[in-house]
Amino acid sequence: MSGQSTGCGFLMSVVVHGDSALNEQEKELNQRLRQLYPAVNENETPLPRSWSPKDKFSYIGLSQNNLRVHYKGHGKTPKDAASVRATHPIPAACGVYYFEVKIISKGRDGYMGIGLSAQGVNMNRLPGWDKHSYGYHGDDGHSFCSSGTGQPYGPTFTTGDVIGCCVNLINNTCFYTKNGHSLGIAFTDLPPNLYPTVGLQTPGEVVDANFGQHPFVFDIEDYMREWRTKIQAQIDRFPIGEREGEWQSMIQKMVASYLVHHSYCATAEAFAKSTDQAVHEELASIKNRQKIQKLVLSGRMGEAIETTQQLYPNLLERNPDLLFMLKVRQFIEMVNGTDSEVRCLGGRSPKSQDSYPGSPRPFSSPGHKASSSQPYLTGFDSNCCNGVTSSKSHSSSPHSHKSCPPAAGSTLPVSDISINGSRSQQPITSNDVDMEVDHFTNGVTESSSNGFLNGSSKHTAEPDDCDADMGRLSVAC
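Residues numbered from 1 in each chain as written. Predicted model: local features only at pLDDT ≥ 70, side-chain atom pairs only at ≥ 80, totals over all residues. Heavy atoms only, no water.

Engineer: Tell me about empty space enclosed by the protein, and please be specific about residues and values.
Structural biologist: Summed over all chains, the structure comprises one cavity of 30 Å³ or more. For the largest cavity, the full set of lining residues is I90, V167, N168, L169, N172, L190, P191, P192, N193 and L194. Residues of the lining of the largest cavity, tallied by class, amount to seven nonpolar, three polar and no charged. (1 Å grid on protein atoms, 1.4 Å probe; cavity = no way out; pocket = protein on both sides within 12 Å on 5 of 7 lines; lining within 4 Å. Points joined across faces, edges and corners; volume = space filled by probe spheres on them. Nonpolar A, V, L, I, M, F, W, Y, C, P; charged D, E, K, R; others polar.)

Engineer: Please give an account of the nonpolar core that cites residues and values.
Structural biologist: Counting residues in hydrophobic clusters, the biggest one holds 53 residues, and the most contacted among them are Y37, I114, L116, Y176 and I220. Per-element tally for this core: the top contributor is strand β5 (residues 96-106), with six residues. Once residues within four sequence positions are removed from consideration, I220 is found in contact with L36, V96, Y98 and C166. Counting seven residues, the second largest nonpolar core, distinct from the first, contains L259, V260, F271 and I286. (Core = buried A, V, L, I, M, F, W, Y, C linked by side-chain atoms within 4.5 Å. Buried < 20%, exposed > 50% of the residue type's maximum accessible area, 1.4 Å probe, protein only. Helix = DSSP H or I, 4+ residues; strand = E, 2+ residues; numbered from the N terminus. Contact = heavy atoms within 4.5 Å.)

Engineer: Break down a nonpolar patch on the surface for me, with residues and values.
Structural biologist: Among the surface-exposed residues, L322, F324, M325, V328, F331, I332 and V335 lie close enough to one another that they form a single nonpolar patch of about 650 Å² accessible area. In this fold, I332 is placed in helix α8 (residues 320-336). Accessibility expressed as a relative area gives 34% for I332, which makes it partly exposed. (Patch = residues over 30% accessible without salt bridge, like charges linked within 9 Å, V, L, I, M, F, W, Y side chains within 5 Å. Areas by Shrake-Rupley, 256 points an atom, 1.4 Å probe, with all protein chains shown as cover. Salt bridge = Lys/Arg side-chain N within 4 Å of Asp/Glu carboxyl O.)

Engineer: Describe unusual backbone geometry, naming the residues involved and giving the relevant values.
Structural biologist: Leave glycine aside and you will find that most residues have negative phi; peptide bonds, for their part, are mostly trans. The backbone of N172 sits at a positive phi, close to 60°, despite the residue not being glycine. Mapped onto the elements of the fold, N172 is located in the loop between β10 (162-168) and β11 (173-178). A positive phi angle is found at N314, which is not glycine, with a value near 70°. Position of N314 relative to the elements: it lies in the loop between α6 (301-311) and α7 (315-318). Looking at N314, the relative accessible area reads 44%, which means it is partly exposed.

Engineer: Account for the packing of aromatic side chains, naming residues and giving values.
Structural biologist: Summed over the entire model, instances satisfying the criterion amount to 17 aromatic pairs. For the ring pair F99 and F211, a centre distance of 5.8 Å and an interplane angle of 25° mean the geometry is stacked. Here the residue F99 occupies a position in strand β5, and F211 occupies one in the loop between β14 (205-210) and α2 (220-236), the gap between them amounting to 112 residues. Accessibility classification places F99 together with F211 in one group, the buried group. Note on Y136 and Y176: the rings are 5.1 Å apart at their centroids and 55° apart in plane angle, and the pair reads as tilted. One end of the pair, Y136, is in strand β7 (residues 133-137); the other, Y176, is in strand β11, and 40 residues separate them in sequence. Residues Y136 and Y176 agree in their burial class; the two are buried. Taken together, the aromatic side chains of Y134, Y136, Y153, F157, Y176 and F187 make up a single cluster linked through ring pairs. Here the basic side chain of K230 rests over the ring of W227, its NZ or CZ set 4.5 Å away from the ring centre. (Phe/Tyr/Trp six-rings, centres within 6.5 Å; stacked < 30°, edge-to-face > 60°. Lys NZ or Arg CZ within 6 Å of the ring centre and 35° of its normal.)

Structure, rendered in C-alpha cells:
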C-alpha cells in the first residue's frame, strides 16, 4: 500500500507541477502580448495564439499545443500542398503585428510557404497562390502575391532558419525577416482581417510557430518604437498653435451638428448642455425628421411622402428631384410588397391631387348577389391595391358576349382582384363611374386588350356588342 500511495503522490506532484508550468507560460504570453499590443482588447478582437485545428487541410498535422505543424500527405504534386491558418485574424488595433516560424525540418524538398491569407481561401494550396493570399517560399526564395507566379524576393530557407512575418497595419505593407534580419517590403496594399498562415507540401516538413510564446529573434519592439516616433512626430507637426481653443470649439460644433442631423435628440441635448452650446433646431422638428427617416428605412414610402407633405408643406413641390427619387423608391417597395400601407391617393404629390380631387370610397359588403353567382362590391369608384388602380370588366366566359355596363347604383361583377400579389374575390357596384377592372399580379397589369403577366404579354379578344363606352382610370400613387 505504501508503494502505491507513493506512486500516486509522485503522479500528483507531476500533474500539479505541469499545470503550474503551463500557467507560468500563459502568464508570460499574456504579459508579452500586452506589452507588444497595448491597444488590443482581446475580449473583442482576440490575438492569434496558435494554429487552428479546424481551419486546415487534412494533410496537416498539429502538435505541441497546436504550435508545431508537420506534413502527413503524399507530396507528389502541387495538388498535395496543404496549409493551416491561425485561430484568429490580426486585429487592426495592433498597428504593427509580428510572428515567427522556425524550420524544424525542411523535409524532402523544402516546399514551404509562410505568410498570410483571408478567411475562406483554399487550404489545399500554399500561401500566396490564390487571391487574398500572400506567401514567402523556402525552396526558391520567391514571394507570391495572390498568384501562382512568384517574384524574386529573398534567400531560400531551410532547417534551423527562423523566418518572421511583420504586418504593418498603418501603411498596409508586409515584410519578412530571416534569422533576425529584415528582408525588405514584400507586399503592399494588403486587405484587412488576414490570418497568419503556413503551408507545407512534401513529407518530413516540420515547423514551429512563435506568436509571442517566446522572445522573438528579430527586434520587433525597436521597429514598433520607430513607428510610434513617426506617428508622434506627425501629430506634433499638425498646425494648431494659438488656435487650440478654436479647434476644440469647431470639433464640438461638428459633433453637435452630427447628432442633430441624425436625430439623436436626447444625446444632442445632453451634449449641448455639457459643452455650453445651443441646439439650433427644435426637438419636435428633430423627432419629425426621425419619424420620416424610420418610415423610409422600413420601406413605407407612401406614409413617408404623406407625412413629409403634412409636416413640411410645399417641400416636395420645391424639390421635384427629391419627390421623383421617393416615387421611384416607392415603386420598388410596391413591387417587393413592402409598401403595404400605401393608399390609392394618399401618397400623391400636391399637383396630382389637383388632377384627382376625388378620394376612393371604402369597400363595403353588398346587400345581395347577382344571379351569375359572382360576388359584388358596392360603393366602388376605383380598384386600388397598394397604390395601383385597376379596371376591367369580365364576361362570364371567353366566348360569351359582353353585356352592356350596368346603370348607376347597379353591381359590376369582378373576379380575382390582386392584393399584394395574392388573389381575392371582391364584389363591386358602380354608382358613379363605369369602368373595366384590370388584373394586377405582383404590380403588373393584365388588361383585356394587351395585358402583361411576369414580362409576357397576354392578348384577349373582347366582343364589341356593347354600345356603352367602358372608361379606364389609372392612378399612379
